[in-house]
Amino acid sequence: MFVPKLDNRSDLESSRNSGLWQCSICAHGNDERHISCELCGVLRDLSLYFNNALEVEDRAKRRNKHYSVSVLARSLFSPSSTMSKDVIFSDGFKASRNATGNTHATLDVLHKTYMACKGRRINIVPFKFDTPSPDDMVTTGLKSSRNFRNDVCIAGKKAVDSDNCVIEKGTTTDPSSLVKLDEIGEGSSSSSFVVDCHNETLVLDHELQHLSLERKPKKSKAKIQKPVSFSLYKPESWMLQHEDEDTPRQLNLAIVGHVDSGKSTLCGRLLHALGRISKKQMHKYDKEAKEKGKGSFAYAWAMDESADERERGITMTVGVAYFNTKNYHVVLLDSPGHKDFVPNMISGTTQSDAAVLVIDASIGSFEAGMGVNGIGQTKEHSQLIRSFGVDNLIVAVNKMDLVEYSKERFNFIKSQLGIFLRSCGYKESAITWVPLSAMANENLMTAASDTRLSSWYDGNCLLKAIDTLPPPHCDVLKPLRLPICDVFSSQMLGQVAICGKVETGAIRSGSKVLIMPSGELATVKIIERDSSRCKLARAGDNIAIGLQGIDPSHVMSGGVVCHPDYPVPVASSLELKILVLDITVPILVGLQFELHIHHAKVSASMVKILSLLEHKSGKASKKIPRFLTARQTAVIEVSLKQKNQIVLLPITRLLFL
Ligand code: GTP
Ligand code: MG
């Protein structure tokens with residue numbers, strides 16, 4: 001029968017002598033070599049283990065095996081009998097040093113001593129597990145400092161609630177909402193900081209006192225103030241364009257048209273002739289294109305930069321390039337012509353002020369673009385850019401070299417396409433027709449030199465036609481509206497950068513702006529135009545800006561940067577007046593589609609047809625149809641899948657696909 005022994009010490013001694021030791025908890029007999037009980041895991045005799053560890057070689061091995069035991073743990077758990085010497089601190093606090101050289105005493109004594117000593121700032125309270133320890137805070141702080149800018153402080157989880165102060169991962173600071181850690185310490189008993197009296201930790205303590213935490217916004221949408229009436233808006237003087245400013249006006253020029261009509265070649269040719277592409281670079285494009293068996297695409301390579309585009313010989317994304325004319329700073333937006341990339345074409349050209357519609361004059365190609373064998377992109381692109389509000393159009397009848405610069409062919413194209421363009425709503429006077437050859441550099445920069453063309457054409461060359469386009473309407477007198485085309489981070493602009501075109505108003509570095517639909521405020525840190533810094537930008541300018549004081553998750557493409565007092569409205573359902581294009585299948589109530597509003601793309605459905613509008617008068621007809629067919633105009637009700645995500649501009653261009 002097993003009889004438990006009452007004297008553990010003597011039992012331990014006897015066990016040691018026999019090469020076994022008995023666990024003081026479960027009484028299991030363990031091998032001498034084990035430092036913890038095989039059965040219950042309790043340590044054998046800590047004092048023996050820790051204090052002799054440095055002296056005995058085989059025990060040193062065990063110490064190495066347990067190197068993860070921290071110095072603090074060793075000093076705390078070593079029994080008092082092994083203390084080598086008492087230490088008296090200047091405060092009168094008595095502690096002891098053990099064999100490892102660490103100072104230790106019970107927390108109670110430590111606490112009492114320091115609490116009695118009013119001259120020190122150290123406030124030791126029992127550790128709370130529901131709040132982060134200073135170690136946690138430093139670790140998370142270090143982690144977050146790698147991800148965030150200097151002005152963003154500590155990241156972590158919920159910390160001190162009593163002061164309405166929350167340290168949230170991923171949130172950024174608003175200078176006005178900063179709270180210092182020492183303020184929290186005074187006001188809140190729940191803060192728990194254990195501070196040793198070594199110099200190093202006091203420095204850490206000092207550092208901690210100067211770290212700032214973020215005050216939790218009371219309500220996330222509190223920053224959206226009640227919109228002020230637009231009539232009360234008065235632009236500041238710096239926003240207005242002054243006569244003496246010699247910066248040329250920006251003109252966003254979309255280059256659109258059927259696939260392979262020569263859009264990229266035309267852009268490349270212009271850029272080369274204007275010195276935007278050096279001879280050396282052009283020679284490189286030429287050589288590389290020839291090596292790949294695509295010699296005729298050498299100029300197009302200036303715009304088609306990706307390997308895929310070059311390999312396939314088609315543009316897939318919108319290429320952007322710049323050049324200056326006498327009157328304008330032109331931003332070229334070279335669109336893809338292939339029908340598969342129409343969505344890319346849309347996102348690029350929604351920003352355009354005017355467009356160049358490129359036509360392939362060669363026999364059969366013009367016809368293909370007009371949709372003789374299906375839907376051609378000449379028609380589709382013309383309709384799309386018209387629906388984006390583009391009024392002025394240059395029709396560049398390209399590849400005239402392939403038709404011997406024939407006047408008859410040019411006139412045929414002009415008459416056929418002219419009818420269609422007028423049906424889209426373009427005014428005759430707003431269309432300029434220019435016959436040219438991008439490949440042969442005929443009628444691009446200067447008047448035609450080939451007599452086959454100059455004999456019958458005496459109008460403007462392409463460059464002159466661009467330079468004489470009417471100036472785009474720029475609304476600097478209205479509050480700021482900048483639809484976000486893209487969100488990114490860059491070395492120059494920082495963690496949160498956006499790009500887009502200023503639709504109305506003006507913006508300058510240092511401006512406070514409101515980001516919709518998140519309703520968060522941010523500060524404009526840097527503005528870049530054509531990759532170079534500028535102090536301000538006005539309506540019509542394509543810019544990239546670096547934002548400060550906002551979390552990237554609150555900024556999304558499709559959103560709008562606006563004046564803090566004049567936020568754009570946010571909608572979940574819309575009433576739209578629509579024109580149905582050439583469709584083959586009727587549109588029924590319940591139709592699910594993708595809605596494009598400036599740079600936003602959302603899933604939506606048509607919930608109701610409210611009225612059908614008469615073509616000539618625009619009046620609502622009495623009969624409400626159950627479906628819509630080609631060329632009908634109607635007012636419909638649309639419901640958006642994501643609620644309150646779509647922001648509307650007064651000049652919103654809508655499109656559904
Ligand atoms: P996508 O972007 O894919 O729609 O094509 P694109 O409209 O940009 O056409 P691109 O510039 O890639 O040219 C297509 C082909 O047409 C190339 O082989 C060019 O060399 C050729 N091309 C372009 N302009 C002319 C021209 O004026 N004359 C002749 N003969 N060929 C041309
Ligand atoms: Mg192209």
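If you're wondering where the values come from, they're calculated on a predicted model, not measured in any experiment.

Enquirer: If you had to explain the confidence of the model for the protein chain to someone new, which residues and values would you point to?
Expert: This prediction gives the protein chain a mean pLDDT of 72; 65% of its residues lie at or above 70. Averaged over each element, pLDDT in the protein chain is lowest for strand β6 (residues 178-180) (27) and highest for strand β13 (residues 431-435) (98). Taken as a whole, residues 1-17 scores under 50 in pLDDT and shows 13 contacts with residues more than four places along the chain or in a different chain. This stretch, residues 46-222, has a pLDDT under 50; its non-local contacts, to residues over four places away or in other chains, come to 215 contacts.

Enquirer: So what's going on with helix α15 (residues 407-424)? Which residues, and what values?
Expert: Over its 18 residues, α15 runs 25 Å from end to end, which matches the ideal 26 Å to within 8%, given 1.5 Å per residue. The axis of α15 is deflected most strongly, by about 25°, at Gly 418. Burial in α15 covers these residues: Arg 409, Phe 410, Ile 413, Leu 417, Gly 418, Phe 420, Leu 421 and Cys 424. Buried residues in α15 make contact with β11 (354-360), α13 (365-369), α14 (377-387), β12 (392-398) and β13. Taking the backbone nitrogen of Glu 408 as reference, a side-chain oxygen 3.3 Å away marks Ser 406 as the first, capping residue of α15. Positive phi appears at Gly 425, one or two residues downstream of α15, with a value of about 110°.

Enquirer: Quick rundown of the pattern of salt bridges? Include the residues and the values.
Expert: A full pass over the atoms with the stated rule returns eleven salt bridges. Lys 284 is paired through a salt bridge with Glu 288; the nearest N and O atoms lie 3.6 Å apart. Here Glu 288 and Lys 284 lie together in helix α10 (residues 279-291), a separation of four residues that amounts to about one turn. Here Arg 452 and Glu 404 are joined by a salt bridge, their closest N and O atoms 2.8 Å apart.

Enquirer: Outline α10, listing residues and values.
Expert: Since one α-helical turn is 3.6 residues long, residues separated by three or four positions face the same way. Between the first and last C-alpha of α10 there are 18 Å, a value that for 13 residues agrees with the 18 Å anticipated at 1.5 Å per step. Listed as buried for α10 are Met 282, Tyr 285 and Ala 289. All buried residues of α10 fall inside an arc of 55° around its axis, so they share one side. α10 presents Lys 279, Lys 280, His 283, Lys 290 and Glu 291 as exposed residues on the side facing more than 90 degrees away from its buried surface. The inward-facing, buried residues of α10 abut α9 (263-273) and α11 (307-312).

Enquirer: Can you explain the pairing of β12? Please cite residues and give values.
Expert: Among the seven residues of β12, seven are classified as buried, and the element is accordingly described as predominantly covered. Side-chain alternation along β12 places Asn 392, Ile 394, Ala 396 and Asn 398 on one buried face and Leu 393, Val 395 and Val 397 on a second face that is also buried. Both β11 and β12 contribute to a ladder of seven bridges, which runs parallel. For Val 356, the partnering residue across the bridge sits in β12 and is Ile 394. The pairing of β12 with β13 spans five bridges and is parallel. Bridging from a neighbouring strand, Val 395 pairs with Trp 433 of β13.

About the criteria used
- Residues take numbers from 1 onward in each chain, read along the sequence in its written order.
- Lettering for chains starts from A, numbering for ligands starts from 1, and both go in the order in which the items are written.
- The model is predicted, so local features are restricted to residues of pLDDT at least 70 and side-chain atom pairs to those at 80 or more, both for listing and for counting; the totals for chains, interfaces and linings are taken over all residues.
- Side-chain metrics rest on all non-hydrogen atoms present in the structure, leaving aside hydrogens and water.
- A score from 0 to 100, pLDDT tells how confident the predictor is in each residue.
- The secondary structure listing takes helices from DSSP runs of H or I that are at least 4 residues long and strands from runs of E that are at least 2 residues long, numbered from the N terminus.
- The contact criterion used throughout is that any non-hydrogen atoms of two residues lie within 4.5 Å.
- By definition here, a helix of n residues has an expected span of 1.5 Å times n minus one.
- The bend at a residue is defined as the angle formed between two axes, one fitted to the seven residues ending at that residue and one fitted to the seven starting there.
- Relative accessibility thresholds used throughout: buried, under 20% of the residue-type maximum; exposed, over 50%; partly exposed, between the two (1.4 Å probe, protein chains only).
- Side-chain atoms alone can form a polar contact between residues adjacent in sequence; in general such a contact is a pair of N or O atoms within 3.5 Å, and within protein one must be able to donate a hydrogen while the other accepts it.
- Each salt bridge in this description consists of a side-chain nitrogen of Lys or Arg and a carboxyl oxygen of Asp or Glu lying within 4 Å of one another.
- Taking the helix axis as origin, the arc is that swept by the directions to the C-beta atoms.
- In this analysis, strands are considered paired if DSSP registers two or more bridges between them.

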